[in-house]
Amino acid sequence: MKLLTLKHGLVLIVILAAIIWLLPTFTNTWPHKKINLGLDLQGGMHLVLEVQNIKAVEAELERTADEIKKELRQDNILHQGVSRQGNMLVAQLPDQESKAAFEQIISKEFSNLKVTSAGVQDGSIGFQLKLPEDEMDMIRKMATDQALETIRNRIDEFGVSEPDIRIQGKNRILLQLPGINDPDRAKDLIGKTAQLTFQLVDEDAGIDAALKGNLPVGSMLLYEKRTDPATGNTTEIPHVIKKQVLLDGSLLVNARVEFDQFQQPQVGIEFNRKGAHIFDRITGENIKKRLAIILDNTVYSAPVIQDRIAGGKAVITGNFTMNEAKDLAIALRAGSLPAPVTIIEERTVGPTLGADSIRMGMISMLVGGVLILLFMTIYYRKSGLIANLALILNIILIGGGLAAFQATLTLPGIAGIILTIGMAVDANVIIYERIREELRWGKTAAAAVHAGFDRAALTILDANVTTLIAAIVLFQFGTGPVKGFAVTLGLGIVASLFTALVLSRSIFDLVLQKKTTSSLSI
Amino acid sequence: MQLIKSDINIDFLGKRKIAMVFSGLLILASIIGLVIHKGPNYGIDFAGGALVQVKFNQDVSIGQVRDSLAGLNLKDLSVQDFGEGDTHEFLIRTANTGSEGTGLAQAVSAAIEKGTGIAPEIRRMEMVGPQVGDDLKKQALLAIFYSLLFITIYISGRFELKWILSGVTAGAMMAAVYFLSVFNVSMPILITGALVVSLALFWRLRLKYAMGAMIALIHDVFITVGIFCIFDMDFSLPIIAALLTIIGYSLNDTIIVFDRIRENIKGESDKTGLPALFNQSINQTLSRTLLTSVTTLIVLLALFFLGGEIIHNFAFAMIVGVVIGTYSSIFVATPIVLFASLKRING
């Protein structure tokens, strides 16, 4: 009589392994990791951002237009404008001579541009220039990659433990931020383009005329937001700003929170050597003029330059709160986004709701489970106990599997486990009903059990494959909580196949080996 | 203990006309529900929009919450009492999305505090942009389509042991989808087209088990969707997961009965005895069918009553699906296989 065969050993190993993997979740001592909880259970924020990367293409075109104009100026070629229109460049040239010169410059210096049409219009020669499709694709892709990097830096500085940040599709970024206390602040920080520029105020232009839409060429209207600390009311102050960017945030090396003489927070910035040099020059050239510090098209301050500023240090004031100043410093240090981002999907779960969900899930699992155990014991008596043991081990196997594969447990995932508890007894029921039938036909206990398992095995496999197919498809298409459901459902099916076909059978074999009678409690 | 006596022999197939009328009525009710509600009631996962779940630590009436939000100009605003008992929880939904959605939770919280004098706790906030909603809808339909495709291959192959034929069916299904997608038709039409093609092929190729299982599946999913629609419950991503699980579960039941039919039919050459044989097979597997459904229903009811509001609709969909799935494997799938088998002798 062999009590412990190879099969029994294998069963024991599988169960032990599951327990070892599962233990850390409850005891916190074992070296292996705990079961991951989804954002819906531990609280946190799920965001999907769309990078407006067409804006990166447009910015590239604007830059190219500026460069072309610079080249034309250097070679003293007359033109009537080079500008971006949509996602192409449009150039107007007065005569054949300048046309030829222009064409030469394009083919020599800007050979990547494709001339799509050139025609005479109102006495001038018009050019339409386009970036090739693959180059636009590359700019778009780089914008997304760069946005991901910038956002990752910001999140790291913000201090989120175990964030998950990844690119989804062509221009989307998926962020999973567990345990966020202040979702609005996090969203503000992530969504900030943080495009910092220094531009001169157009002192010749009248504000009133500008407000009526009468803007000088090369200037634009921007606003400064001022919040009265006493009343909390915000007023918007218009400024006419020259479009030319003297210096931008790309030359920053550091940004940190400082305090002014009234202990109000402000953001101190520091340029690299090249930046410091430019800053020194522009402050020297524009003494007594107003220099606007502009962030994301909002004027923060427009102080009058009193003196040449060497050393490359400046401050941004703008009655910040402490958190605003901190976040602005983070955003400036982490760099600006290459293109604006918009939040297209957001799911935030508060920590108390997550805890409630876990509690309710566990209660329903416990109640459902106990009811099933009772039912099986009453219905199948001692054999029911074997099925119950299989069921309990089934849950342990699912838990162990979740921990071993570092899968994420979500609320629908808990529902999946509960559903599997109901379905897991199915395999045992199929086997037991078959054994009962065989017993009715007058077979001995051992023979009935043998036949029952053999005949039921294929049926059980068939029946479970279909649910497994559904689980696999769900895993493939689902995200977040739904994926969690698919994982537990799939694990549950595999576990129940194992417990019913291997484990239960081994126990029956053991029990029947000792027995000489043909009676079976089923 | 036994719920079902071992010598039981209920004439299930004799009642197939009643069953047909019953199924017909359910389908009709589903169609009427769908027409009245103008299609499924898509939640924010698919339609786009935003929801904010708020909780108060004292009694606040639903009217107070609604009134305090009136000034926010939220499109299609709805406030719903959420949670059971005295939890003072409300679910606020709106069609607003995108840039308007940014800071929505803050705006809602501030407006409620101003209107009621009590600061709510923001328990949950979800915002889905319209583009994302469309993507999720497309993905969900694709998931349903792929699971149907794989299950079609599996059942036609496994049951008739005609893997080549099942490959042909799958190919035809995909070809149908390809041709329909060339004409840029909507996903539901695409799936319907694919189903019609595969059913026609099952009939033509005499894959009777596959056909029976497939019709039962469509029957179950359609009625579940219909009942959801009649009760005006939200369709969300977890509900799609529930539907796919129902597909798997319903087949599971059907397969057990079919397995027994095939086992009993072996060596049986006299085809006039088929109705009795089919009936016998259902009866032999009846206790198993009912037991599994009962145990599954026990846990689902526990989940429905104790699992909390968020999982409520999911549990409801599963309960409906399990009941309909159990019914359909006895009263829909098997009669169709019998019908197809009898046709074969006559024709």
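Reading guide: rules and limits
- Residues numbered from 1 in each chain as written.
- Chains lettered and ligands numbered in written order.
- Predicted model: local features only at pLDDT ≥ 70, side-chain atom pairs only at ≥ 80, totals over all residues.
- Heavy atoms only, no water.
- UniProt positions renumbered as here; feature names shortened; annotations may be inferred.
- Helix = DSSP H or I, 4+ residues; strand = E, 2+ residues; numbered from the N terminus.
- Buried < 20%, exposed > 50% of the residue type's maximum accessible area, 1.4 Å probe, protein only.
- Phe/Tyr/Trp six-rings, centres within 6.5 Å; stacked < 30°, edge-to-face > 60°.
- Axes fitted to C-alpha atoms, helices over the stretch in contact; angles between N-to-C directions.
- Left-handed = near helix turned anticlockwise from the far one by under 90°.
- Contact = heavy atoms within 4.5 Å.
- Salt bridge = Lys/Arg side-chain N within 4 Å of Asp/Glu carboxyl O.
- Expected span 1.5 Å × (residues − 1).
- Buried area = accessible area lost by both parts, 1.4 Å probe.
- Polar contact = N/O pair within 3.5 Å; in protein donor to acceptor, adjacent residues only side chain to side chain.
- Core = buried A, V, L, I, M, F, W, Y, C linked by side-chain atoms within 4.5 Å.

Looking at an unreviewed UniProt entry, one finds chain B named Protein-export membrane protein SecF and attributed to Desulfotignum phosphitoxidans DSM 13687. The Function (unreviewed entry) comment attached to chain B in UniProt states, word for word, "Part of the Sec protein translocase complex. Interacts with the SecYEG preprotein conducting channel. SecDF uses the proton motive force (PMF) to complete protein translocation after the ATP-dependent function of SecA." Regarding chain B, the relevant UniProt record gives this comment under Subcellular location (unreviewed entry): "Cell membrane".

Identification of chain A as Protein translocase subunit SecD from Desulfotignum phosphitoxidans DSM 13687 is taken from an unreviewed UniProt entry. On record in UniProt, under Sequence similarities (unreviewed entry), the comment for chain A is "Belongs to the SecD/SecF family. SecD subfamily." What UniProt records for chain A under Subunit (unreviewed entry) is the sentence "Forms a complex with SecF. Part of the essential Sec protein translocation apparatus which comprises SecA, SecYEG and auxiliary proteins SecDF. Other proteins may also be involved."

Colleague: Before we go on, may I ask you to explain unusual backbone geometry in this structure?
Modeller: All names here are of chain B. One non-glycine residue, D76, adopts positive backbone phi at about 45°. Here D76 is to be found in the loop between α3 (62–69) and β2 (78–82). Judged by relative accessible area, D76 falls into the exposed class, the value being 62%. The phi dihedral of D232 is positive, around 55°, even though this residue is not glycine. For D232, the position within the fold is in the loop between α8 (208–230) and α9 (237–265). Exposure remark for D232: the relative accessible area of 42% places this residue in the partly exposed category.

Colleague: Would you mind showing me how to read the UniProt feature "domain: Protein export membrane protein SecD/SecF C-terminal" (unreviewed entry) in chain B here?
Modeller: When the UniProt feature table is mapped to this numbering, "domain: Protein export membrane protein SecD/SecF C-terminal" (unreviewed entry) covers residues 114–187 and 190–340 of chain B. Here residues 114–187 of chain B runs as 74% helix and 11% strand, with 45 Å between its end C-alpha atoms.

Colleague: How do you make sense of the packing of aromatic side chains when you look at a structure like this?
Modeller: Ring pairs (aromatic) are described by centroid distance and by the angle formed between their planes. Residues and elements named next belong to chain B. Under the counting rule described, the total for this entry stands at 25 aromatic pairs over all chains. Taken together, a centroid distance of 6.2 Å and an interplanar angle of 25° make the contact between Y146 and F150 stacked. On the criterion of helical spacing, the pair formed by Y146 and F150 is a turn pair, its members being four residues apart in helix α5 (residues 130–160). Using a relative accessible area of 37% as the deciding quantity, one classes Y146 as partly exposed. Owing to a relative accessible area of 39%, F150 belongs among the partly exposed residues under this scheme. Residues F231 and F316 carry aromatic rings whose centres are separated by 5.8 Å and whose planes lie at 85° to one another, so their mutual orientation is edge-to-face.

Colleague: Explain the packing of helix α5 (residues 133–158) of chain A against helix α6 (residues 183–191) of chain A to me, please; I cannot follow it from the model alone.
Modeller: Two quantities define a packed helix pair, namely the angle between the helix axes and the distance between the axes. Residue and element names in this part refer to chain A. Taken N-terminus to C-terminus, the directions of α5 and α6 make an angle of 145°; their axes are 9 Å apart at the nearest point. Seen from above, α5 lies across α6 with right-handed handedness. When α5 is examined against α6, the residues I151, R154, I155 and F158 are found in contact with a partner set consisting of R185, A186, L189 and I190.

Colleague: What am I meant to see in the pattern of salt bridges here?
Modeller: Any two side chains of opposite charge can pair, so long as their charged atoms come close to each other. All chains considered together, the criterion is met by 37 salt bridges over all chains. R166(A) is the salt-bridge partner of D164(A), the closest N and O atoms lying 2.8 Å from each other. D164(A) gets classed as partly exposed once you look at its relative accessible area, which sits at 26%. For R347(A), the salt bridge is made with E345(A), and the minimal N-O distance between the two is 2.9 Å. Each member of the pair, R347(A) as well as E345(A), carries the same accessibility label: buried. Each of the salt bridges in this network shares a partner with another, and the network as a whole consists of E345(A), R347(A), D45(B), R124(B) and E126(B).

Colleague: Just to check I follow, could you spell out α5(B) for this structure?
Modeller: Each full turn of the α-helix corresponds to 3.6 residues, which orients residues three or four apart in the same direction. Spanning 31 residues, α5(B) covers 45 Å between terminal C-alpha atoms, matching the ideal 45 Å at 1.5 Å per step. Among the residues trailing α5(B), L161(B) stands out with phi positive, at a value near 50°.

Colleague: Is there a simple way to think about the interface of chain A and chain B in this case?
Modeller: Interface size is often expressed as the accessible area that is lost when the parts come together. The interface of chain A with chain B comprises 62 residues on the first partner and 69 residues on the second. Between chain A and chain B the total buried area reaches about 5700 Å² when both faces are included, carbon and sulfur atoms providing 65% of it. Taken together, the links from chain A to chain B amount to eight salt bridges. A salt bridge links R172(A) to D135(B), with the nearest nitrogen and oxygen atoms 2.8 Å apart. Connecting chain A to chain B are 21 residue pairs in polar contact (both at pLDDT 80 or more).

Colleague: I'm lost on the nonpolar core in this one. Help?
Modeller: If you look at soluble globular proteins, the nonpolar side chains tend to sit buried side by side. Membership of the largest hydrophobic core comes to 164 residues, with the highest contact counts inside it found for L402(A), Y432(A), L148(B), I155(B) and L244(B). Broken down by element, the residue count for this core peaks at 18 residues, all from helix α11 (residues 309–346) of chain B. Ignoring anything within four residues of it in the chain, the contact list for L148(B) reads M173(B), I191(B), L195(B), M214(B), L217(B) and I247(B). With 63 residues, the next largest nonpolar core counts L72(A), I155(A), I180(A) and M127(B) among its residues.

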